Amino acid sequence: MAVIESIHLTKIYDEGPVKVRAVNDVSLKIEEGEFAAIVGPSGSGKTTLLNIIGGLDHPTSGKVLINGNDISELSENQLIDFRLHNIGFIFQAYNLIPVLTARENVSFVMLLQKRPKAEREKRTEELLKEVGLLDRINNRPSELSGGQQQRVAVARALASRPKFVLADEPTANLDSKSTANLLDIMARLNHEENMTFIFSTHDSRVIERARRVITLEDGHIVSDVQQTPHT
Amino acid sequence: MLSLIAWKNIWRNKVRSLIVMTSIVLGIWAGTFIMSFSWGMTSQYVNLAIKQEISHIQIHQPDYKKDKNIKFVIPEAESLLSEIKKVKEVKAVSARTLVNGMASSATTGIGVNIEGVDPVSENTVTGMKENVIEGDYFETIKHNPLIIGQKLANKLKVKVRNKVVLTFQDESGNITAGAFRVAGIYKTRNSTFDELNVFTQKEDLNRLLGVHDGDAHEIAVLLNNNNDLPVVMKKLTAKFPKLKVESWEEIAPDLKFVIGSFEQTMYLFITIILLALAFGIVNIMLMAVLERVRELGMLMAIGMSKPRIFFMIMLETFYLSLISGPLGLALAYGTIHYFGIHGIDLSAFSQGLSSYGMDSTVRTSLPAGLYAEILLMVFVASILAAIYPSIKAIKLRPVEAIRKI
Ligand SMILES: Nc1ncnc2c1ncn2[C@@H]1O[C@H](COP(=O)(O)OP(=O)(O)OP(=O)(O)O)[C@@H](O)[C@H]1O
Ligand SMILES: [Mg+2]
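What you are looking at is a predicted structure, and each value in this text was computed from that prediction instead of being measured.

### Regarding the overall build of chain A
Check the secondary structure of chain A and you find seven helices and 10 strands. Relative to the 2.2 N^0.38 estimate, which gives 17 Å for 231 residues, the radius of gyration of chain A is 17 Å and therefore close to what a compact globule would have. Each of the three principal axes of chain A carries a C-alpha extent, and together these read 50 × 40 × 40 Å. For chain A, the residues scored as buried account for 55% of the 231 residues in total. Contacts in chain A between residues at least 24 apart in sequence constitute 69% of all its contacts with a sequence separation of at least 6. By element, 46% of the accessible surface of chain A is carried by carbon and sulfur atoms, the whole surface being about 10100 Å². Side-chain charges in chain A split into 27 positive and 31 negative, and the spacing between the mean points of these groups amounts to 5 Å.

Structure, rendered in structure tokens:
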């Protein structure tokens, strides 16, 4: 069974003077362990699609099945809880709670999940070690570089042991070195922990690293190809 | 963890949090101090009226209250005094003979209340001796000594040792007059009282009135503590079923009213101050929520539930008042304590105050329970003020909040 399955997903924005079909009849399956990029020009619907898959937004029509369960039937409060236990998010920026340290930020989601303290501490350290930030564990986001902040965000996304990680342009604010570094980490976690990653991007160097590239144009899938990633 | 985040969040914008906390501190400090000032003034006024004029409890013959005819005496009043003194909460008692009459000097005549008192016991109740500013308190003049108020002395144009004639009706309804000599001139803080009341020795007045020596019209009882009033009232009422025993609250309902209306005014006053503070808090917290839209959206996206977000914002607000409320009250307590001892000198205005029976030095004070009440009201106000910003926060939709990234 696919981890994520979207069936004739359509999202129409009807607020302005013209109707915008941000996502237009997208049917898509993503299997466990995939490392997939959603690409396309600005305004092609990448963010909208990721938000709907992530249970942050409702489709106008169509369905999203996560492990076979239709999430469109969940209420807003159920969706929050669903996201907490099933999805890891990495945004372009503002991923972290500014008043908390790297350690506390990673630990925070597990706290929301009411995981025992010993487990939280252990996993937090493991993950921060994975992303290479063991030495910055007690620093606040403002004391970290943009790349380091995104690496904490990756650790945070994995901390809740989600079924998959959604990352909307995670490298948009990073220089090429930090971008490569972040992708290395994501690829390794994908490989080692068999974690499913779906990320959107404009950046050709990021696209190169994906094993599957889904291209959107005007909300439509125009191509969906498997490739051998550059390393 | 939530409380830790909330705590840290209030220090994100230090200046703003300090401003709002300072305004809470100052608001409570000033508000409480003003209340203590007016409570000090009120309670001083009431206490003075009790001490110098009314006493805590008065006992009369029931008929005397309806018709102040001098025949309605308390028989053998003197012998009751020792019995009343046995009540342990009682500090002092005095029996008085009372009659309305006219005080005349060579110049003019003025209507007065004449009180025949036992100098010693009267002094223990009203402390009259201390108020004598010229002459003495029933000491040197042996025959028909009279103590009069300064204001009356000025109107009658008499000095110590001058003669004053008191005219009144005796027990059989005949006009009687007695020649008295001014032994002392007193001055209380209430100039109206000074003009109206003159004091003679009880035996002198009784003789002229034709009232039996041991009898009196009024027994005044002073307590150690006003809090004992209900207990003593009960005891004395039981002891003297044939007499009318009244507390100062019954004798002077206007004083009781002064206290009652003071309490109401005080609550209104606190409410206004807290309302102003609450609006300040709402404003500050709304700002804090609006500038954190993205972060709150992110928190909801990663799975922080609405009740938790609501609670976090509530906590932040509550912390603001948790720090500043007690601090404001502590400062107020210190100031009130200081001016409770040293007093605030209002002598510049005291001419006007003294005709209302008020002291020229105000000692600030506040009933202890009120501090707790104010603190509670501050907390309640801040919680109420937190509700709107907290609702604003959970009304955010994560997609929209995140779009702003
Ligand atoms: N809240 C909204 N109201 C109306 N139209 C919207 C809204 N959000 C997005 N859109 C429109 O939907 C379309 C898809 O937007 P979306 O943000 O998904 O594109 P994107 O591929 O993520 O673009 P970018 O690469 O710039 O992030 C765009 O035309 C956009 O203007
Ligand atoms: Mg986008």
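### Let's talk about the packing of helix H2 (residues 14-54) of chain B against helix H16 (residues 368-395) of chain B
Packed helices, taken two at a time, are described by the angle their axes make and the gap between the axes. Residues and elements named next belong to chain B. Contact geometry of H2 with H16 gives a least axis separation of 12 Å together with a crossing angle of 145 degrees. Once H2 is placed against H16, the crossing between them reads as right-handed. On H16, the residues touching Ile28, Thr32 and Met35 of H2 are Tyr371, Ile374 and Val378. Class assignment for the residues of the contact of H2 with H16 results in five nonpolar, one polar and no charged.

### Here we look at helix H4 (residues 117-130) of chain A
Residue and element names in this part refer to chain A. The end-to-end C-alpha distance of H4 is 20 Å, a good match for the 20 Å that 14 residues give at a rise of 1.5 Å each. Every buried residue belonging to H4 is among Arg120, Arg123, Thr124, Leu127 and Leu128, and all of these are buried. Buried residues in H4, looked at end-on, bunch into an arc of 130 degrees, giving them a common side. Exposed side chains of H4 directed beyond 90 degrees from the buried face belong to Ala118, Lys122 and Lys129. Tucked into the core, H4 has its buried residues touching helix H3 (102-112) and helix H5 (146-159).

### Describing a nonpolar patch on the surface
All names here are of chain B. A cluster of nonpolar side chains, contributed by Leu376, Val380, Leu384, Ile387 and Ile391, occupies part of the molecular surface with about 430 Å² of accessible area. You can see isoleucine 391 is positioned in helix H16. Given the relative accessible area of 32%, isoleucine 391 is considered partly exposed.

### Some thoughts on the packing of aromatic side chains
A full pass over the atoms with the stated rule returns 13 aromatic pairs over all chains. A ring pair is formed by tyrosine 186 of chain B and phenylalanine 199 of chain B, whose centres lie 5.8 Å apart and whose planes are at 70 degrees; its orientation type is edge-to-face. Of this pair, tyrosine 186 of chain B sits in strand S7 (residues 175-186) while phenylalanine 199 of chain B sits in strand S8 (residues 197-201); the two residues are 13 residues apart in sequence, bridging distant segments of the chain. Residue tyrosine 186 of chain B shares its accessibility class with phenylalanine 199 of chain B, and that shared class is buried. Ring geometry for tyrosine 333 of chain B and tyrosine 371 of chain B: centres 5.6 Å apart, planes at 65 degrees, overall edge-to-face. In this pair, tyrosine 333 of chain B is assigned in helix H14 (residues 306-342) and tyrosine 371 of chain B in helix H16, connecting sequence segments 38 residues apart. The partly exposed category is assigned to tyrosine 333 of chain B, whose relative accessible area is 47%. A residue is classified by how much of its surface remains accessible, and tyrosine 371 of chain B, at 14% relative accessible area, is buried. By the ring-pair criterion, three or more aromatic residues cluster together here, those being Phe35, Phe197 and Phe199 of chain A.

### Observations concerning the site of ligand 1
In the region of ligand 1, 15 residues are neighbours, and Ser42, Lys46, Thr47 and Thr48 of chain A together with Arg403 of chain B sit closest. Residues within reach of ligand 1 are spread across chains A and B. A distance of 2.5 Å separates an oxygen atom of ligand 1 from a polar side-chain atom of serine 42 of chain A. One nitrogen or oxygen atom from the main chain of glycine 45 of chain A is found 3.0 Å from an oxygen atom belonging to ligand 1. Burial of ligand 1 by the surrounding chains reaches 68%, relative to a free accessible area of 630 Å².

### So, the sheet that holds strand S4 (residues 61-66) of chain A
Residues and elements named next belong to chain A. Sheet architecture is open: four strands sit in the order S2-S1-S4-S5, paired in antiparallel fashion. The sheet terminates laterally at strand S2 (20-30) and strand S5 (69-70), the two strands that pair on one side only. Looking at chain direction, S4 and S5 are connected through two bridges and run antiparallel. Looking at S5, one finds that isoleucine 66 is bridged to asparagine 69.

### So, unusual backbone geometry
Even without being a glycine, lysine 114 of chain A presents a positive backbone phi close to 60 degrees. By secondary structure assignment, the location of lysine 114 of chain A is in the loop between H3 and H4. Among the residues examined, lysine 114 of chain A registers a relative accessible area of 67% and is labelled exposed. Of note, asparagine 144 of chain B is a non-glycine position whose phi angle comes to about 45 degrees, a positive value. Within the secondary structure, asparagine 144 of chain B is located in the loop between strand S4 (132-135) and strand S5 (145-149). Residue classification places asparagine 144 of chain B among the buried positions, given a relative accessible area of 6%.

### Notes on empty space enclosed by the protein
This model, assessed by the stated rule, comprises six cavities of 30 Å³ or more. By volume, the largest cavity amounts to about 70 Å³. For the largest cavity, the full set of lining residues is Gly55, Leu56, Asp57, His58, Glu76, Leu79 and Arg83 of chain A together with Arg397, Pro398 and Val399 of chain B. Elements supplying a minimum of two residues to the lining of the largest cavity: helix H2 (76-86) of chain A together with helix H17 (398-403) of chain B. With three residues, H2 of chain A is the largest single contributor of residues to the lining of the largest cavity. Of the residues belonging to the lining of the largest cavity, the class tally is four nonpolar, two polar and four charged.

### As for the domain arrangement of chain B
Taken domain by domain, chain B consists of domain 1 (2-49 + 256-403) and domain 2 (62-242). A C-alpha centroid distance of 50 Å is found between domain 1 of chain B and domain 2 of chain B.

### So, the layout of surface pockets
Residue and element names in this part refer to chain B. The space that makes up the largest pocket amounts to roughly 820 Å³. Lining the largest pocket we find 35 residues, and of these Glu53, Gln58, Asn113, Glu115 and Asn197 sit closest to its centre. When residues of the lining of the largest pocket are assigned to their parent elements, the largest contribution, six residues, is made by H2. Among the residues forming the lining of the largest pocket, the class breakdown is 17 nonpolar, nine polar and nine charged. Two domains each provide a minimum of three residues to the lining of the largest pocket, namely domain 1 (2-49 + 256-403) and domain 2 (62-242).

Conventions used here
- Residues numbered from 1 in each chain as written.
- Chains lettered and ligands numbered in written order.
- Predicted model: local features only at pLDDT ≥ 70, side-chain atom pairs only at ≥ 80, totals over all residues.
- Heavy atoms only, no water.
- Helix = DSSP H or I, 4+ residues; strand = E, 2+ residues; numbered from the N terminus.
- Rg over C-alpha atoms; globule rule 2.2 N^0.38 Å.
- Buried < 20%, exposed > 50% of the residue type's maximum accessible area, 1.4 Å probe, protein only.
- Contact = heavy atoms within 4.5 Å.
- Areas by Shrake-Rupley, 256 points an atom, 1.4 Å probe, with all protein chains shown as cover.
- Lys, Arg positive; Asp, Glu negative; His and termini not counted.
- Charge placed at Lys NZ, Arg CZ, Asp CG, Glu CD.
- Axes fitted to C-alpha atoms, helices over the stretch in contact; angles between N-to-C directions.
- Left-handed = near helix turned anticlockwise from the far one by under 90°.
- Nonpolar A, V, L, I, M, F, W, Y, C, P; charged D, E, K, R; others polar.
- Expected span 1.5 Å × (residues − 1).
- Arc of directions from axis to C-beta.
- Patch = residues over 30% accessible without salt bridge, like charges linked within 9 Å, V, L, I, M, F, W, Y side chains within 5 Å.
- Salt bridge = Lys/Arg side-chain N within 4 Å of Asp/Glu carboxyl O.
- Phe/Tyr/Trp six-rings, centres within 6.5 Å; stacked < 30°, edge-to-face > 60°.
- Near = heavy atom within 4 Å.
- Polar contact = N/O pair within 3.5 Å; in protein donor to acceptor, adjacent residues only side chain to side chain.
- Pairing = 2+ DSSP bridges.
- 1 Å grid on protein atoms, 1.4 Å probe; cavity = no way out; pocket = protein on both sides within 12 Å on 5 of 7 lines; lining within 4 Å.
- Points joined across faces, edges and corners; volume = space filled by probe spheres on them.
- Domains from an automatic or database assignment.

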